[in-house]
4 protein chains.
Amino acid sequence: MDINRIEFLRSDFVQGFPAYCGFTVDHISESRFETRLSVRSEHRQQDGFVHAGVIATMADHTAGYAAYTLIPETSRILTIEFKINFFKPAVGNLLVCRSAVISPGKSILAAESILYSQPEELH
Amino acid sequence: MDINRIEFLRSDFVQGFPAYCGFTVDHISESRFETRLSVRSEHRQQDGFVHAGVIATMADHTAGYAAYTLIPETSRILTIEFKINFFKPAVGNLLVCRSAVISPGKSILAAESILYSQPEELH
Amino acid sequence: MDINRIEFLRSDFVQGFPAYCGFTVDHISESRFETRLSVRSEHRQQDGFVHAGVIATMADHTAGYAAYTLIPETSRILTIEFKINFFKPAVGNLLVCRSAVISPGKSILAAESILYSQPEELH
Amino acid sequence: MDINRIEFLRSDFVQGFPAYCGFTVDHISESRFETRLSVRSEHRQQDGFVHAGVIATMADHTAGYAAYTLIPETSRILTIEFKINFFKPAVGNLLVCRSAVISPGKSILAAESILYSQPEELH
């Protein structure tokens, strides 16, 4: 991918609600996007787990930018729908999201996100 | 519903991520929950619309508490999955969410949320 | 709705797989479609319930034709995705499906189907 | 896996609606199930593509039996919900489905199915 496009996507990703949530970009390549979140108390729900909404937002936004790597610069991405399953409560302090486009259609793209939590920030 | 249970649900709803997002409770009754959000710049995505993650979080959390009105005080609610469709970009400054339980199972409850945006805060 | 359009939709509905399944049309109006199925042994799964695939097919096809009532005769309907929840095992001999368009977009329409089973064929 | 369990699953898979549809079993291993369908005219929809309901039924049933490989013989599988995306119209004469369990929970298992069509029966 063009380095300028990568830099644009990296900074464009972090604005508005995703910036407010604190997501950061780990890796960008064609059709792929990886992000992370250092979990804070304001990301949790009533029982101390990461809130489903944080996970859904991260999955949606990262998937959207995976799709964004494949479309012309003059086009924009807008979510039309998604489905999410929560297999286990997310209890760690680090959340990682890996998204990949699985159907690169002309007007509708489908992308898949896999999230997992880790006990502590990796170094 | 018992007034103490309603007051518990009203305050329990607003903590952690939902508090950080700014959702407030409008109405609570058996199997139903209604909430609102005054949209601020940190709720928007890269094109100025309310972020899909805000909408999904509000839909999920309000639906969860609609389910919470039906279960014993000793039980807890945890989202296992959801599906969301975005029909139109949310452009207004007020977001309203109405959730209702549509299948009150013993261990699995299903609830539906309908969200709509309005041009400005109602008085 | 135009009577010729209704008659076209009524007969167009019952062909290929839906005809093989045995679905029949009960009622057609603008944005709405209602169908039924007399459940036979070949509609059941390994435990005697109506197979999830029968229910999903009926929900999908009836929703598709609800959408079909709203588009120009020169256009065609193709399912891009759906989500389905099964609240209770369907045990009766009659299955009824009611579908309605809930978002009449220009290129993407969303419709909702509600199915229920009854103990026996109504007269 | 035990050979008797495999033989049980192989024959148990093909009954009721799945038998009526014509699905056959290709391969069974722990947490995995693969099936195929020789597409006939009664599997198609109004425009000649394989009907979404056939694809959904095959995806659901094969996923269900992938889950069935992991549970005790005394337990049963029942679908509670699924989501399906249709990326391209299925136009070939052979449909292949590969399912794998992606979350082996105690009471709720999640499985994923990938289907693809091929222009003609392979030899």
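See above for the structure.
A few points on the structure.

Residue and element names in this part refer to chain A. Considered for burial, the residues of helix H1 (residues 3–13) that qualify are Arg5, Ile6, Leu9, Asp12 and Phe13. Projected onto a plane normal to the axis of H1, the buried residues spread over an arc of 135° and lie on a single side. Those residues of H1 that are exposed and aimed more than 90 degrees away from the buried face are Ile3, Asn4 and Ser11. Looking at the buried positions of H1, the neighbouring elements they touch are helix H2 (16–21), strand E1 (24–29), strand E2 (32–38) and helix H3 (52–68). For H1, the side-chain oxygen to backbone nitrogen distance between the N-cap and Asn4 is 3.0 Å, and the N-cap itself is Asp2.

Another point: the relation of the copies chain D and chain A. Mapping chain D onto chain A calls for a rotation angle of 180° and an axial translation of 0.0 Å; the resulting RMSD is 0.0 Å. The relationship between the two copies is best expressed as a two-fold rotation axis. Within chain D, the C-alpha atom positioned nearest to the axis of rotation is that of Lys83 of chain D, 3.5 Å from it. Take the interface residues of chain D: 100% of them recur as interface residues in chain A, which is what a same-surface contact looks like.

Taken together, the contacts link 37 residues of chain A with 37 residues of chain B. The largest contributions to the chain A side of the interface with chain B come from Phe17, Tyr20 and Gln46 of chain A, which together make up 24% of the buried area. At the junction of chain A and chain B, the tally comes to four salt bridges. Across the pair Lys83 of chain A and Glu81 of chain B runs a salt bridge whose closest N-O atoms are separated by 3.1 Å. Where chain A touches chain B, the interface holds 17 residue pairs in polar contact (both at pLDDT 80 or more). For the side of chain A that touches chain B, the elements supplying multiple residues, two or more each, are H2, H3 and strand E3 (81–85) of chain A. Here the side of chain A that touches chain B gets eight residues from one element, more than from any other, and that element is H3 of chain A. In the side of chain A that touches chain B, the residues fall into 16 nonpolar, 12 polar and nine charged. Pairing between E3 of chain A and strand E3 (residues 81–85) of chain B: five bridges, direction antiparallel. Looking at the pairing, Phe82 of chain A lines up with Ile84 of chain B of E3 of chain B.

Looking now at the side chain of Arg5 of chain A. Residue and element names in this part refer to chain A. Within the secondary structure, Arg5 sits in helix H1. For the buried Arg5, no salt bridge is present, and the opposite-charge side chain at shortest range is Glu73, 4.3 Å distant. Filtering out sequence-adjacent residues up to four positions away, Arg5 remains in contact with Tyr68, Ile71, Pro72 and Glu73.

Each aromatic ring pair is summarised here by two numbers: the centre-to-centre distance and the angle between the ring planes. This model, assessed by the stated rule, comprises 30 aromatic pairs over all chains. Aromatic side chains Phe13 of chain B and Tyr65 of chain B sit 5.2 Å apart centroid to centroid with 75° between the ring planes, which places their arrangement in the edge-to-face category. Of this pair, Phe13 of chain B sits in helix H1 (residues 3–13) while Tyr65 of chain B is found in helix H3 (residues 52–68), placing the two residues 52 residues apart along the sequence. The residues Phe13 of chain B and Tyr65 of chain B share a single accessibility class, namely buried. Joined through ring pairs, the aromatic side chains of Phe8, Phe13, Phe33, Tyr65 and Tyr68 of chain A make up one cluster. The positively charged end of Arg5 of chain C is found above the aromatic ring belonging to Tyr68 of chain C, 5.0 Å away from the centroid.

Attention now goes to the sheet that holds strand E5 (residues 109–118) of chain B. Residue and element names in this part refer to chain B. Read from one edge of the open sheet, four strands run E1-E2-E4-E5, paired in antiparallel fashion. The open sheet has two free edges, formed respectively by strand E1 (24–29) and E5, since each of these has just one partner strand. With strand direction ignored, the average angle separating the axes of adjacent strands in the sheet is 15°. Here 10 bridges tie strand E4 (residues 94–104) to E5, and the two strands are oriented antiparallel to one another. Bridging from a neighbouring strand, Arg98 pairs with Ile114 of E5. Each of E1 and strand E2 (32–38) touches H1; the most contacted strand, E1, lies at about 150° to it. Against the sheet, H3 contacts E2, E4 and E5, and its axis sits at roughly 45° relative to E4.

Counting residues at the interface gives eight residues for chain D and eight residues for chain A. Summing both partners gives a buried area of about 640 Å² for chain D against chain A, and 59% of it is carried by carbon and sulfur. Taken together, the links from chain D to chain A amount to two salt bridges. Across the contact surface, chain D and chain A share two residue pairs in polar contact (both at pLDDT 80 or more). Among the elements of the structure, strand E3 (81–85), strand E4 (94–104) and strand E5 (109–118) of chain D are those that each provide at least two residues to the side of chain D that touches chain A. The dominant element in the side of chain D that touches chain A, judged by the number of residues it contributes, is E3 of chain D, at three residues. Of the residues assigned to the side of chain D that touches chain A, the class counts are three nonpolar, two polar and three charged.

What follows covers the relation of the copies chain A and chain B. Taken as rigid bodies, chain A and chain B are interconverted by a rotation of 180° and an axial shift of 0.0 Å, the fit giving an RMSD of 0.0 Å. Residue by residue, 100% of the interface of chain A is reproduced at the interface of chain B, so both copies engage with the same surface.

Let us look at the environment of Ile77 of chain C. Summarising the element assignment, Ile77 of chain C is placed in the loop between helix H3 (52–68) and strand E3 (81–85). Exposure remark for Ile77 of chain C: the relative accessible area of 16% places this residue in the buried category. The spatial distance from the C-alpha of Ile77 of chain C to the C-alpha of Gly64 of chain C is 6.5 Å, given a sequence separation of 13 residues. If near-sequence neighbours (up to four positions away) are discounted, Ile77 of chain C is found in contact with Gly64, Ala67, Tyr68 and Ile71 of chain C together with Gln45, Gln46 and Asp47 of chain D.

Reading the values: the criteria
- Residues numbered from 1 in each chain as written.
- Chains lettered and ligands numbered in written order.
- Predicted model: local features only at pLDDT ≥ 70, side-chain atom pairs only at ≥ 80, totals over all residues.
- Heavy atoms only, no water.
- Buried < 20%, exposed > 50% of the residue type's maximum accessible area, 1.4 Å probe, protein only.
- Helix = DSSP H or I, 4+ residues; strand = E, 2+ residues; numbered from the N terminus.
- Arc of directions from axis to C-beta.
- Contact = heavy atoms within 4.5 Å.
- Polar contact = N/O pair within 3.5 Å; in protein donor to acceptor, adjacent residues only side chain to side chain.
- Least-squares fit on C-alpha atoms with pLDDT ≥ 70 in both.
- Buried area = accessible area lost by both parts, 1.4 Å probe.
- Salt bridge = Lys/Arg side-chain N within 4 Å of Asp/Glu carboxyl O.
- Nonpolar A, V, L, I, M, F, W, Y, C, P; charged D, E, K, R; others polar.
- Pairing = 2+ DSSP bridges.
- Lys, Arg positive; Asp, Glu negative; His and termini not counted.
- Phe/Tyr/Trp six-rings, centres within 6.5 Å; stacked < 30°, edge-to-face > 60°.
- Lys NZ or Arg CZ within 6 Å of the ring centre and 35° of its normal.
- Axes fitted to C-alpha atoms, helices over the stretch in contact; angles between N-to-C directions.

Functional significance is not addressed by these values, which are geometric in nature.
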